[in-house]
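Here's the letter readout for the chains.
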Amino acid sequence: MNTICVFGLGEAGSIISSELLSAGISVQAYDPAPVITPAGVSRFEVPGEAVAGVDAVLALTAASDAATALAQSFEQIPQNALYADFSTGSAGLKRKLAEKSAGRGIAFADIALMEIVPGRGIRTRALAAGTGADRFVKSFLPLGMPVESLGTRAGEAATHKLLRSVFTKGLAAVIIEALRGAEEAGLSEWLWQNISTEITQADERLLGRLVMGSEVHAERRLHEMEASAVLLRELGIEPLMTDSTVKNLKKLMSEGLPAIPMIQNAGTTAGSEAGK
């Protein structure tokens, strides 16, 4: 690729633009916000002009802006260009963008960044899906991006990323809620150390006990989490995540666990309920 257009010069867009320039690729860009333009980037005031003659368009926008980003210069994007959407939009949104792109014969790549860009730049681990996935991989692997193609169905990369986000962002939210309660109880340092120890020592065996034990000990855990919600309210904390855990345990008691992959060398027992 000789020339690339970047939509969005926020943190990620600016970092990747600068590294593309360092790799000898010309970068044209458009961003309606008053953000700083990286040195060497040719910035345009009109999106249609920013895509003129490019080999690829990288849309590094918020999910809420993804459709607008594609529409704003849709008729001007070269038909032989690759359109790569990096937003954290849903799989359904990615499929709609892919369908629109196909209307003009533009190869579409649903890109999911699996790590944060600062500190990694173009070397950020990524997944690609859509008609332009293999082309994206072929172009960006040599630039140092560890990217894997998931096939031609747009939305697959987004599905992988967002399912992982249910866990990672949900875990952060649970920890924050617990820390709010600990702050009110004067136990912040103790709880932080306890959580840190549990996470750093965690392995697949512990994961298996936590998940499978939820079904075996559902009734006991339900009562424990109901008491936890009461405690948080007594401390003046709204138990948003804890109330959701209560609802989840009630659902588990009636529907059981989802399918769980075989856990190698982890055993099949739920283990002792004490402390879990």
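Calculation criteria
Residues numbered from 1 in each chain as written. Predicted model: local features only at pLDDT ≥ 70, side-chain atom pairs only at ≥ 80, totals over all residues. Heavy atoms only, no water. Helix = DSSP H or I, 4+ residues; strand = E, 2+ residues; numbered from the N terminus. Buried < 20%, exposed > 50% of the residue type's maximum accessible area, 1.4 Å probe, protein only. Contact = heavy atoms within 4.5 Å. Areas by Shrake-Rupley, 256 points an atom, 1.4 Å probe, with all protein chains shown as cover. Lys, Arg positive; Asp, Glu negative; His and termini not counted. Charge placed at Lys NZ, Arg CZ, Asp CG, Glu CD. Pairing = 2+ DSSP bridges. Axes fitted to C-alpha atoms, helices over the stretch in contact; angles between N-to-C directions. Salt bridge = Lys/Arg side-chain N within 4 Å of Asp/Glu carboxyl O. 1 Å grid on protein atoms, 1.4 Å probe; cavity = no way out; pocket = protein on both sides within 12 Å on 5 of 7 lines; lining within 4 Å. Points joined across faces, edges and corners; volume = space filled by probe spheres on them. Nonpolar A, V, L, I, M, F, W, Y, C, P; charged D, E, K, R; others polar. Phe/Tyr/Trp six-rings, centres within 6.5 Å; stacked < 30°, edge-to-face > 60°.

The number of helices and strands found in the protein is ten helices and eight strands. Within the protein, the proportion of its 276 residues that are buried is 40%. Considering only contacts within the protein whose residues lie at least 6 apart along the sequence, 60% involve residues at least 24 apart. Carbon and sulfur atoms provide 56% of the accessible area of the protein, an area that totals close to 14900 Å². The centroid of the 25 positive side-chain charges in the protein is displaced by 4 Å from the centroid of its 31 negative side-chain charges.

Once that is clear, we can look at the sheet that holds strand β2 (residues 26-30). Spatially, eight strands are ordered β3-β2-β1-β4-β5-β6-β7-β8 in an open sheet, and the strand pairing comes out mixed. Either end of the sheet is taken by a strand with one partner, and the two such strands are β3 (42-43) and β8 (147-149). With two bridges joining them, β2 and β3 adopt parallel strand pairing. Across the sheet, Q28 pairs through a bridge with S42, a residue of β3. Against the sheet, helix α5 (residues 133-140) touches β1 (3-7), β4 (56-59), β5 (82-85), β6 (107-113), β7 (126-129) and β8, its axis set at about 155° to β8.

Moving on to the pattern of salt bridges. Pairing between side chains becomes possible if they bear opposite charge and their charged atoms approach one another. In this structure the tally under the stated criterion is eight salt bridges. Residues R123 and E19 are paired through a salt bridge, measuring 3.5 Å at the closest nitrogen-oxygen approach. Placement of the pair is R123 in the loop between β6 and β7 and E19 in helix α1 (residues 11-22), with a sequence separation of 104 residues. Owing to a relative accessible area of 46%, R123 belongs among the partly exposed residues under this scheme. Among the salt bridges present, the one from R120 reaches E115, with a minimum N-O distance of 3.5 Å. With relative accessibility at 32%, the residue R120 sits in the partly exposed group. Here the residues in one salt-bridge network are D85, K94 and D110, joined through shared partners.

What follows concerns the layout of surface pockets. As a volume, the second largest pocket reaches approximately 290 Å³. Lining of the second largest pocket is provided by 16 residues; of these, A12, F86, T88, L113 and V117 occupy positions nearest its centre. Elements represented by at least two residues in the lining of the second largest pocket include exactly α1 and β6. Counting residues per element, the lining of the second largest pocket draws most heavily on β6, which supplies three residues. Partitioning the lining of the second largest pocket into residue classes produces ten nonpolar, three polar and three charged.

Within the structure shown, the criterion is met by four aromatic pairs. Taken together, a centroid distance of 5.9 Å and an interplanar angle of 65° make the contact between F86 and F136 edge-to-face. Residue F86 is located in the loop between β5 and α4 (91-102), and its partner F136 is located in helix α5; the two are separated by 50 residues in the primary sequence. Note on accessibility: F86 and F136 belong to one class, buried. Ring geometry for F136 against F140: centres 4.2 Å apart, planes inclined by 10°, an arrangement best described as stacked. Placement of both F136 and F140 in helix α5 is noted, with a separation of four residues, approximately one turn of the helix. Among the residues examined, F136 registers a relative accessible area of 0% and is labelled buried. Linked through ring pairs, F86, F136 and F140 together constitute an aromatic cluster.

Quick look at the environment of S17 now. Along the polypeptide, S17 turns up in helix α1. S17 sits in the buried class, given a relative accessible area of 0%. Taking the C-alpha atoms as reference points, S17 and I195, separated by 178 residues in sequence, lie 38 Å from one another. Leave out the neighbours within four places in its chain, and S17 touches V6, L9, V27 and V41.

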